[in-house]
Amino acid sequence: SDDGVGAPIDDARIIRTGTISLEVKDVNVAMRTARDGIRALGGYIGASNTSNEGDQPVATISYRIPVDRWEDALDLLRSLSGQTTKVVNEQTEAVEVTGTVVDLQARIANLRASEASLQAIAAKAVRISDVLEVQNQLTQVRGEIEAMSAQLKELEDRAAFATLTANFAVPFVAVEVATKDWDPK
């Protein structure tokens, strides 16, 4: 009997997320270096937000990274070809969703079987009231299949592409020193 205990680890679905806060020499150069490096890993920018604190740019960028390149992406951001001067904070999380994926797949399969049975009943129905009743049930089953399929697709996507949010800023001390030494006279 196959109890699933010996299932290969390759079938595991894990959603990886993380945040990393970096002090960098130059925010714009660091962002370009990160973007190019993440693209080279097969990833892309999911969202970005840049603003200024005082006269210094700060940025928060969310990257979507193929899950098998997760460690490479972290290594990339930790150094950024010498742009990173300090990793201020790093936090990662992994959530196992294999059971949920398997459950959704099974529920979708059961609903598809129900759909096929209802279609067979609909084909044999003679009375209008029976046809309408079966069509109503079919509509409900198809709605459930669509909702669960969308949920499954989102889980699969989140397991295939990890989300890593990076915060870029220049060291605060450098800003203080530059301001202290600045004389407007």
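Here the structure is a predicted model, which is why all the values come from computation and not from measurement.

Enquirer: I would appreciate a short explanation of the sheet that holds strand β2 (residues 44-53) in the present structure.
Expert: Taken in spatial order, the five strands line up as β2-β3-β5-β1-β4 in an open sheet, and their pairing is mixed. Among the strands making up the open sheet, the edge pair consists of β2 and β4 (84-96). Ignoring strand direction, the axes of neighbouring strands in this sheet form an average angle of 10 degrees. Alignment of strand β1 (residues 14-24) against strand β5 (residues 161-169), held across seven bridges, turns out to be parallel. Across the sheet, the residue bridging to Glu 23 is Ala 169, located in β5. Packing of helix α1 (residues 27-40) onto the sheet brings it into contact with β1, β2, β3 (56-66) and β5, and relative to β3 it is tilted by some 5 degrees.

Enquirer: Would you mind showing me how to read the packing of helix α3 (residues 98-124) against helix α4 (residues 128-160) here?
Expert: Helix-helix packing: each pair is described by the crossing angle between the helix axes and the interaxial distance. Where α3 meets α4, the axes come as close as 9 Å, and the angle between the chain directions of the two elements is 160 degrees. When the interaxial angle is binned, α3 and α4 end up roughly antiparallel. The way α3 lies across α4 gives a crossing that is left-handed. For the contact of α3 with α4, the residue count by class is 14 nonpolar, seven polar and six charged.

Enquirer: Explain the nonpolar core here, please?
Expert: One broad rule of soluble globular proteins: the nonpolar side chains tend to lie buried together. With 24 residues, the main nonpolar core has Tyr 63, Leu 77, Leu 80, Leu 164 and Phe 168 as its most contacted residues. Of all elements in the fold, only β1, α1, β3, α2 (70-79) and β5 reach the threshold of two or more residues within this core. Counting residues in hydrophobic clusters, the runner-up holds 16 residues, among them Val 134, Val 141, Leu 155 and Ala 159.

Enquirer: Even after reading the chapter, I still don't get the side chain of Thr 84, so can you show me in this structure?
Expert: Examined against the element boundaries, Thr 84 turns out to sit in strand β4. A distance of 2.8 Å separates the side chain of Thr 84 from the backbone oxygen of Leu 77, its partner in a polar contact. Among residues more than four places away in sequence, those in contact with Thr 84 are Leu 22, Glu 23, Val 24, Leu 77, Arg 78 and Ser 79.

Enquirer: Can you help me understand unusual backbone geometry in this one?
Expert: Outside of glycine, negative phi angles account for most residues, and trans bonds account for most peptide bonds. Backbone geometry places Leu 80, a non-glycine residue, at a positive phi of 50 degrees. As for its placement among the helices and strands, Leu 80 is situated in the loop between α2 and β4. On the basis of relative accessibility, which here comes to 0%, the residue Leu 80 falls in the buried class. With phi around 50 degrees, Ser 81 is a residue other than glycine that occupies positive phi space.

Enquirer: Explain the side chain of Glu 115 here, please?
Expert: Secondary-structure assignment places Glu 115 in helix α3. Excluding residues within four positions of it along the chain, Glu 115 makes contact with Leu 138, Val 141, Arg 142 and Ile 145.

Enquirer: Help me out: how do you make sense of the confidence of the model for the protein chain in this one?
Expert: A low pLDDT means the predicted coordinates there should not be read in detail. Per-residue pLDDT for the protein chain has a mean of 88; in total, 87% of the residues score no lower than 70. Here residues 1-8 is a poorly scored stretch, pLDDT under 50, and it has zero contacts once near neighbours within four places are set aside; other chains count.

Enquirer: Whenever I open this one, the pattern of salt bridges confuses me. Can you help?
Expert: Scanning the model with the defined rule gives ten salt bridges in all. Notably, a salt bridge pairs Arg 13 with Glu 156, separated by 2.7 Å at the nearest N-O pair. Here the residue Arg 13 occupies a position in the segment before β1, and Glu 156 occupies one in helix α4, the gap between them amounting to 143 residues. Arg 13 gets classed as partly exposed once you look at its relative accessible area, which sits at 23%. Between Asp 103 and Arg 107 there is a salt bridge whose closest N-O contact spans 3.4 Å. Highlighted residues: Asp 103 and Arg 107, both in helix α3, separated by four residues, approximately one helical turn.

Enquirer: Please clarify how α3 should be interpreted in this entry.
Expert: Working note: α-helix, 3.6 residues per turn, so residues spaced by three or four point in the same direction. Taking 1.5 Å per residue, 27 residues should reach 39 Å; α3 reaches 40 Å between its end C-alpha atoms and fits that length. When α3 is considered as a whole, its buried residues turn out to be Thr 98, Val 101, Leu 104, Ile 108, Leu 111, Glu 115, Leu 118 and Ala 122. Among the structural elements, β4 and α4 are those in contact with the buried residues of α3.

Analysis parameters
Residues numbered from 1 in each chain as written. Predicted model: local features only at pLDDT ≥ 70, side-chain atom pairs only at ≥ 80, totals over all residues. Heavy atoms only, no water. Pairing = 2+ DSSP bridges. Helix = DSSP H or I, 4+ residues; strand = E, 2+ residues; numbered from the N terminus. Axes fitted to C-alpha atoms, helices over the stretch in contact; angles between N-to-C directions. Contact = heavy atoms within 4.5 Å. Parallel < 35°, antiparallel > 145°, perpendicular 65-115°, else oblique. Left-handed = near helix turned anticlockwise from the far one by under 90°. Nonpolar A, V, L, I, M, F, W, Y, C, P; charged D, E, K, R; others polar. Core = buried A, V, L, I, M, F, W, Y, C linked by side-chain atoms within 4.5 Å. Buried < 20%, exposed > 50% of the residue type's maximum accessible area, 1.4 Å probe, protein only. Polar contact = N/O pair within 3.5 Å; in protein donor to acceptor, adjacent residues only side chain to side chain. pLDDT = per-residue confidence, 0-100. Salt bridge = Lys/Arg side-chain N within 4 Å of Asp/Glu carboxyl O. Expected span 1.5 Å × (residues − 1).

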